[in-house]
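# Observations on the model geometry
For reference, the chains in residue letters:
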Amino acid sequence: MPVGVSGEPQDLLVVGMGKLGGEELNVSSDIDLVFVYDEGGETQAIGEFASARRQVTNHEFFDRLARRVMLLLTNRRYRFCVSRRHAFAPFGDSGPLVISSAMLEEYLYSEGRDWERFAWLKGRVVNRSVFAGEENFAQAV
């Protein structure tokens with residue numbers, strides 16, 4: 001289970017941007033996703049995951065999870081056009097697939113252009129809590 005430096009379980013926030021964020025999807029729309037996690041830390045062998053053998057960083061854990069989500073959305077059954085690298089992703093093509101909330105905030109303050117900041121007003125979290133519990137998840141959103 002991914003646990004932050006605060007000792008709290010962490011979740012991946014899947015942020016729908018563009019038409020998905022504004023709930024304006026149509027048949028030909030691409031799905032623009034940004035993957036954000038709250039804080040660094042490492043996975044812990046807790047509860048139903050007590051048999052886990054090794055720890056990985058939260059960044060590595062959420063990167064693998066995001067790649068699986070994208071693979072699922074683009075498989076033959078669903079065939080969504082999901083963009084890994086798009087205009088809404090911090091640092092564009094050269095940036096990481098998943099980003100911590102602190103790194104996102106720093107990017108938007110130091111390098112983000114006005115249109116990028118405005119685009120985040122339309123973005124919305126499109127997933128639910130898996131690990132953190134509803135209360136902690138709501139605080140992260």
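Look up: the structure comes first, before these words.
Residues numbered from 1 in each chain as written. Predicted model: local features only at pLDDT ≥ 70, side-chain atom pairs only at ≥ 80, totals over all residues. Heavy atoms only, no water.

In this section: the pattern of salt bridges. Counting across every chain of the model gives six salt bridges. For arginine 117, the salt bridge is made with aspartate 114, and the minimal N-O distance between the two is 3.0 Å. Note that arginine 117 and aspartate 114 are positioned in helix α4 (residues 114-122) at a spacing of three residues, about one turn of the helix. (Salt bridge = Lys/Arg side-chain N within 4 Å of Asp/Glu carboxyl O. Helix = DSSP H or I, 4+ residues; strand = E, 2+ residues; numbered from the N terminus.)

Right, let's talk about α4 for a bit. Within α4 the residues assigned to the buried category are Glu116, Ala119 and Trp120. Seen end-on, α4 carries its buried residues on one side only, within an arc spanning 105 degrees. Exposed and oriented more than 90 degrees from the buried face of α4 are Asp114, Phe118 and Leu121. Its buried side turned inward, α4 meets β2 (12-17), β3 (31-37) and α3 (101-110). (Buried < 20%, exposed > 50% of the residue type's maximum accessible area, 1.4 Å probe, protein only. Arc of directions from axis to C-beta. Contact = heavy atoms within 4.5 Å.)

With that settled, the discussion passes to the pairing of β2. With respect to burial, β2 is a largely interior element, six of its six residues being buried. As defined by bridge partners, β2 adjoins β3 across six bridges and the pair is classed as antiparallel. Paired with valine 14 across the strands is phenylalanine 35, a residue of β3. Bridging between β2 and strand β7 (residues 124-125) involves two bridges; their strand directions are antiparallel. Bridging across to β7, valine 15 finds its partner in valine 125. (Pairing = 2+ DSSP bridges.)

Time to look at unusual backbone geometry. You will see that glutamate 23, though not glycine, has its phi angle at about 55 degrees, which is positive. Examined against the element boundaries, glutamate 23 turns out to sit in the loop between α1 (18-21) and β3.

Attention now goes to the packing of aromatic side chains. Here the structure, examined in full by the defined rule, presents two aromatic pairs. Residues phenylalanine 61 and phenylalanine 62 carry aromatic rings whose centres are separated by 5.4 Å and whose planes lie at 75 degrees to one another, so their mutual orientation is edge-to-face. Clustering of aromatic rings is evident, with ring pairs tying together Tyr37, Phe61 and Phe62. (Phe/Tyr/Trp six-rings, centres within 6.5 Å; stacked < 30°, edge-to-face > 60°.)

Residue placement: serine 100 occurs in strand β6 (residues 98-100). A polar atom in the side chain of serine 100 sits 3.1 Å from the backbone nitrogen of methionine 103. Setting aside its immediate chain neighbours within four residues, serine 100 contacts Val36 and Tyr37. (Polar contact = N/O pair within 3.5 Å; in protein donor to acceptor, adjacent residues only side chain to side chain.)

By themselves, these observations are geometric and do not establish any function.
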